[in-house]
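Coordinate inspection notes
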Amino acid sequence: MTETAVDYDNLKVVVFQLADKEYVIPVSQVQGIEKLIYITRVPKTPSFVKGVINLRGVVTPIIDLKNRFGLGESSLNESTRIIIITLDDMDVGVIVDSANDVLDIPIGSIEPQPEVVGGMEQDFIAGVAKIDSRLLILLHLNHVLNPIKSGV
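Here's a quick rundown of the structure. (Residues numbered from 1 in each chain as written. Predicted model: local features only at pLDDT ≥ 70, side-chain atom pairs only at ≥ 80, totals over all residues. Heavy atoms only, no water.)

1. Remarks on the overall build of the protein chain
Tallying secondary structure elements over the protein chain gives three helices and 11 strands in all. Listing the helices and strands of the protein chain from first to last along the sequence gives β-β-β-β-β-α-β-β-β-β-β-β-α-α. The 152 residues of the protein chain split such that 44% are buried. Sequence-distant contacts, at least 24 apart, represent 55% of the contacts inside the protein chain between residues at least 6 apart. (Helix = DSSP H or I, 4+ residues; strand = E, 2+ residues; numbered from the N terminus. Buried < 20%, exposed > 50% of the residue type's maximum accessible area, 1.4 Å probe, protein only. Contact = heavy atoms within 4.5 Å.)

Below, the structure is given as structure tokens:
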């Protein structure tokens, strides 16, 4: 009898880029990474909610993460991706500049967010991981997606 070993010392994450910074979210919350597809606009939603997509028969709200962080609008191009995240039994897509890496981050390398971080983005950061010369920002998805979990 073989058992699948769970590595409790590492956190497996998807790495994505947004305005020249690298962010990470746990693989366990990612349902897929999609190329940009047609987004249907929904009236009377916040500016960072771009609309909804029909993804394999499921209507999924899409948010522009760059806009959500107050970094302006995402410029859509060939490397733009939509990361489909499941949080509290709800699927949400987030638009990112690119997503092309999966890493194992040692739990011990994740530090709390620095005190000097300010502004709205501060609420969205769960921690920062130092991997070699890279700084990876771990997102607190409950805070990032809070306004749309109550309904688009």
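There is more to say after this.
2. With respect to the pairing of strand 5 (residues 58-64)
When a strand is regular, its side chains alternate between the sheet's two faces. With five of its seven residues buried, strand 5 lies for the most part within the structure. Direction of pairing for strand 4 (residues 49-55) relative to strand 5: antiparallel, over a ladder of six bridges. By the bridge assignment, N54 is partnered in strand 5 with V59. The turn joining strand 4 and strand 5, which pair antiparallel and follow one another in sequence, is formed by two residues; a positive phi near 50° is taken by R56. Across three bridges, the pairing between strand 5 and strand 7 (residues 90-96) is parallel. The partner of I62 across the bridge, within strand 7, is G93. (Pairing = 2+ DSSP bridges.)

3. Quick notes on the nonpolar core
F16, I25, L65 and I83 are the most contacted members of the largest nonpolar core, which totals 26 residues. Listed by contribution, the elements that provide at least two residues to this core are strand 1 (10-18), strand 2 (21-26), strand 6 (81-87), strand 7, strand 10 (125-131), strand 11 (134-139) and helix 2 (141-144). In this structure, V13, I105, A129 and L136 belong to the second largest nonpolar core, which totals nine residues. (Core = buried A, V, L, I, M, F, W, Y, C linked by side-chain atoms within 4.5 Å.)

4. With respect to the sheet that holds strand 6
In spatial order, the strands read 3-6-7-5-4; together these five strands make up an open sheet with mixed pairing. Sheet topology places strand 3 (30-35) and strand 4 at the edges, where each strand pairs with a single neighbour. With strand direction ignored, the average angle separating the axes of adjacent strands in the sheet is 30°. (Axes fitted to C-alpha atoms, helices over the stretch in contact; angles between N-to-C directions.)

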